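Listed below are the residues making up each chain.
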Amino acid sequence: LPPRHMDSVVQIVEALESSEPGFTVPELARALGGCSTPGCRAVLGEPPDVPPAPPALTHEQWLLFTQLLRHNDTAPEGGAVLAPDGSTITLGPLFAGIEVGLKRVTGCPTPTIEPPIDALYAVTIAEALGTSFLLARGGDGHRATLGPAGCWDDVDDPQNYTLLGSPSPIPDAIATGAMDGVLLGAQLAREPIPLADLLRGYYGTGNGTENGRPPSSYRRRDFGVLTGPGKLEEEVVAMLRVLRELPPTQELLEDVGPEEMVAIAHQAARDFTEVYVECPAIVPRCMWGARPYRGTPKPLTLPLGSVYIHHTFSPSDPCRTFSACAHAMRAMQRFHQDTRGWDDIGYSFVVGSDGYLYQGRGWHWVGAHTKGYNSKGYGVGYVGDFSASLPDPDTIALVRDELLPCAVRTGRLHHNYTLRGHRQMGHTDCPGNSLFHEIETWHGFK
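Description of the structure in this document.

Criteria and thresholds
- Residues numbered from 1 in each chain as written.
- Predicted model: local features only at pLDDT ≥ 70, side-chain atom pairs only at ≥ 80, totals over all residues.
- Heavy atoms only, no water.
- Disulfide = S-S within 2.5 Å.
- Helix = DSSP H or I, 4+ residues; strand = E, 2+ residues; numbered from the N terminus.
- Buried < 20%, exposed > 50% of the residue type's maximum accessible area, 1.4 Å probe, protein only.
- Pairing = 2+ DSSP bridges.
- Contact = heavy atoms within 4.5 Å.
- Axes fitted to C-alpha atoms, helices over the stretch in contact; angles between N-to-C directions.
- Polar contact = N/O pair within 3.5 Å; in protein donor to acceptor, adjacent residues only side chain to side chain.

### Thoughts on the state of the cysteines
Considering all chains together, one arrives at four disulfides under this definition. Across the disulfide from Cys 279 sits Cys 406; the S-S distance is 2.0 Å. Judged by the sign of its S-S torsion, about 95 degrees, the bond between Cys 279 and Cys 406 is right-handed. With a gap of 127 residues between them, Cys 279 in the loop between α12 (258-278) and β5 (282-283) and Cys 406 in helix α15 (residues 393-409) connect regions that are remote in the sequence. Of the two residues examined, Cys 279 and Cys 406, each falls in the buried class. A sulfur-sulfur distance of 2.1 Å marks the disulfide that ties Cys 319 to Cys 325. Every disulfide takes its handedness from the sign of the S-S torsion; for Cys 319 and Cys 325 that torsion is 100 degrees, giving right-handed. On the basis of relative accessibility, which here comes to 5%, the residue Cys 319 falls in the buried class. With relative accessibility at 1%, the residue Cys 325 sits in the buried group.

### Section: the sheet that holds strand β7 (residues 349-351)
The pairing of strands in a sheet happens through backbone hydrogen bonds and is either parallel or antiparallel. Taken together, six strands build an open sheet; the order of strands is β5-β8-β7-β9-β6-β10 and the sheet is mixed. Two strands in the sheet have a free side with no partner beyond their single neighbour: β5 and β10 (413-421). As judged from the five bridges shared by strand β6 (residues 304-311) and β10, these two strands associate in the parallel manner. Note on β10: the bridge partner recorded for Leu 304 is Leu 413. Of the strands in this sheet, β6, β7, β8 (357-359), β9 (377-382) and β10 touch α15, which is tilted by about 145 degrees from β10.

### What about the side chain of Gln 337?
Within the fold, Gln 337 resides in helix α14 (residues 322-339). Side-chain polar atoms of Gln 337 contact the side chain of Arg 291, separated by 3.1 Å. Among all residues touching Gln 337, those that are not within four sequence positions of it are Arg 291, Pro 292, Arg 294, Trp 342, Asp 343 and Asp 344.

And the structure:
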């Protein structure tokens, strides 16, 4: 089959738009199972019948599209594709949000529902979020409500996506698909645009990402600006009230009172915002192609009290795309393991100029970044040589305003942590004069 990549989806959408005037692509997605939950059906109506294979698509394209939209409760991430920015998106909530946007811009009504809800949030995130936290209530505390991330078998020809932990109803691929569904649905509601152009522009498919970051790499920031935790909580409460009236989900909510419903929605909105809006996206090791760790990693004792800022020096150029940053990570790991003789890449995290952090040793394992201090703090390395120039403002903010506050909130870093440049701990120019003078202005610098 064609790769499970957003490029393949854009090609399918373009072929359908140019030759299939009888239905919209989101309606076809719904017919194939992309919006099969009780709440989504209530908002967008019962799905149309599955049409015969469109002549505009090859047999392989039709098979892929059918597989990507077929909903499976036991594997909700099954309809996932890889985007050029390295993120993974499930198509169901993406196309459901797009359909709401199209209905709004064309004046096409959606069914009236009591109590009233915002259809855009209902079909993308509110039902999934409410259901996930509803199912977890009263359990033993071990049931996952959000996540996990996952990895593709081959980022050049993605076919199989495997989760990195126990599944929840909202793995990362559903969360990113839902956020994108909200953002693209809201954009479409303002002005109509062919869907292939919308997707190509947002994800930077084809050659778009060679020029820098695509809009999709800003999804967390943009979703947070558009939504806010108050709005999200309000929509989850409204959706739970709707689900209590729908026959398929009545039983699930029959013993849930109004106060408990509000409490569930509050926690769901708060947790989702912390994980997917306030904390930055971190690309797992298997996505950038890491070799195995050599030997046995030593665990850190959390929370840590320090952070040490580095620049990589080599590579000297910032990496601005997922493929360039993944290549830089592999090169650094080879150098650290084969030349330096270390067990693994030394840094805890590496900062790309593509909008993403890359997992090195990660949150829990002692690194090899700041000799004599590796067990006392995290080593965060910016890709590039920042002796005479600074990282982009967005890339500075990724650590200063997102990673460090997130680490404090999640108990990995003391609230009164100390921030230092590598040069303060040993004989080196790292992290370069420009970056060092920048971090002197950061919270926690000593």
